[in-house]
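Structural description and commentary
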Amino acid sequence: MHLILQHAHMLCNSNRELKNFCRFSTNLTDNNLSPTIASASSSITTTEFKSSNETLPIIETIKKYAGEASWRQTYSISEVGEDFANRHCYFELIGPNGHYYNKAIRVFVCYWGEYLNYDWHSHEAEEIYYILGGKALFKTKTMTKVLKANDTQFHKSWESHATEILDEPLLALVIWRGNGLDKLAQID
Ligand SMILES: [Fe+2]
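Every chain's residues receive numbers from 1 upward, in the order its sequence appears when written. Side-chain atom pairs in this predicted model are given and counted only at pLDDT of 80 or more, local residue features only at pLDDT of at least 70, and totals for whole chains, interfaces and linings cover all residues. Only heavy atoms go into the side-chain values, all of them from the structure, while hydrogens and water stay out.

1. Structural notes on the pattern of salt bridges
Opposite charge on two side chains makes pairing possible when the charged atoms of those side chains draw close. Definition used for salt bridges: Asp or Glu carboxyl oxygen within 4 Å of a side-chain nitrogen of Lys or Arg. A complete count under the given rule lists eleven salt bridges for this structure. Between E164 and K139 there is a salt bridge whose closest N-O contact spans 2.7 Å. You can see E164 sitting in strand 8 (residues 161–165) and its partner K139 sitting in strand 5 (residues 136–140), a full 25 residues away along the chain. In this scheme, a residue with accessible area under 20% of its type's maximum is buried, one over 50% is exposed, and one in between is partly exposed, where area comes from a 1.4 Å probe on protein chains only. In this structure E164 comes out as partly exposed when scored by relative accessible area, which is 26%. Secondary structure elements follow DSSP: runs of H or I no shorter than four residues count as helices, runs of E no shorter than two count as strands, and numbering proceeds from the N terminus.

2. A closer look at the coordination of the iron ion
Six octahedral donors around a metal ideally sit at 90 or 180 degrees from one another, while four tetrahedral donors ideally sit at 109.5 degrees. With water omitted from the atoms examined, metal sites may look incomplete; donors here are N, O and S atoms no farther than 2.8 Å from the metal, or 3.2 Å in the case of Na, K and Ca. For the iron ion, the protein coordination sphere consists of H123 (NE2), E127 (OE), E127 (OE) and H161 (NE2), at 2.2 to 2.4 Å. Classification of the site at the iron ion as irregular follows from its four donor atoms and the range of 57 to 141 degrees in their angles at the metal. Taken in sequence order, the residues that donate to the iron ion follow the motif H-x3-E-x33-H. One exposure class covers both H123 and E127, and it is buried. Between 85 and 135 degrees for all angles marks four donors as tetrahedral; over 155 degrees for opposite donors together with 65 to 115 for all other angles marks four donors as square planar and six as octahedral; every other arrangement is irregular.

3. Considering the sheet that holds strand 10 (residues 186–187)
Think of it this way: DSSP has to see at least two bridges between two strands before they count as a pair. Spatially, the five strands line up as an open sheet ordered 6-5-8-3-10, and their pairing is antiparallel. Edge positions in the open sheet fall to strand 6 (144–147) and strand 10, since each of these has one partner strand only. Note: strand 5 against strand 8, five bridges, orientation antiparallel. Bridge assignment links A136 to a residue of strand 8, and that residue is I165.

4. Digging into the sheet that holds strand 1 (residues 88–94)
The strand order across the open sheet formed by five strands is 1-2-9-4-7, and the pairing between neighbours is antiparallel. The open sheet has two edge strands with one neighbour each: strand 1 and strand 7 (152–155). Neighbour-to-neighbour, the strand axes of the sheet open up by a mean angle of 20 degrees, direction not taken into account. Pairing analysis gives eight bridges linking strand 2 (residues 105–112) to strand 9 (residues 170–177), with the strands arranged antiparallel. Bridging across to strand 9, V109 finds its partner in L173. Contacts were defined at the residue level, with two residues in contact if any of their heavy atoms lie within 4.5 Å. Lines fitted to the C-alpha atoms define the axes, with helices restricted to the stretch that makes contact. Angles between their N-to-C directions range from 0 to 180 degrees. Helix 1 (residues 2–14) rests against strand 1, strand 4 (126–133) and strand 9 of the sheet, and its axis sits at about 80 degrees to strand 1. Across the sheet, helix 4 (residues 56–64) is in contact with strand 2, strand 4 and strand 9; its angle to strand 4 comes to roughly 85 degrees.

5. Quick word on the packing of helix 1 against helix 4
Packing of helix 1 against helix 4 leaves a shortest axis separation of 9 Å and a crossing angle of 160 degrees. On the basis of the axis angle, helix 1 is roughly antiparallel to helix 4. For the pair helix 1 and helix 4, the sense of crossing is left-handed. Within the contact between the two elements, helix 1 uses L3, I4, H7, A8 and L11 and helix 4 uses P57, I58, T61 and I62. Classification convention: Asp, Glu, Lys, Arg as charged; Ala, Val, Leu, Ile, Met, Phe, Trp, Tyr, Cys, Pro as nonpolar; all other residues, Gly among them, as polar. In terms of residue class, the contact of helix 1 with helix 4 is built from seven nonpolar, two polar and no charged. Angles below 35 degrees are treated as roughly parallel, those above 145 as roughly antiparallel, those between 65 and 115 as roughly perpendicular, and all remaining angles as oblique. Two helices crossing with the near one rotated counterclockwise from the far one by less than a right angle form a left-handed crossing, whereas a clockwise rotation gives a right-handed crossing.

This is the structure:
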């Protein structure tokens, strides 16, 4: 897990948008989370994500150590449907409940299967997406754009947003900061 942390740290120092959004060190307390699986987590090790030169190293590291992660699924089947619940999962790399403790930011590694629709949702924390692999259509009430590996997307506090995963599975770093860090996203 520490190698994933090191790769995330390198990306956050080399990408201007990520660097402006947050800073963290690799000298964080290990919360010693036990590995857990989610319905989708086994797919990750065998998926060929469409990456970039910048993101290939962390993708390979995530796939290699996926079995050590505490995978979770946020939403119930009644909120998002069975397909979404079964083909989306994430783990918290850094954060209050993450593999590495930090009370100021949360860094999630998130996976979605191809053609999933992540419906309109919002949260108090500010957010930046950094795409590691795959591509998806990102929507807010004021813009729509396709993001691919090495692209970023910022969401303000309580800004409603939605994502349509296109024809490839999506792997992304999702980073939160600010108020509401301890609360999860809600479907709007
Ligand atoms: Fe979000």
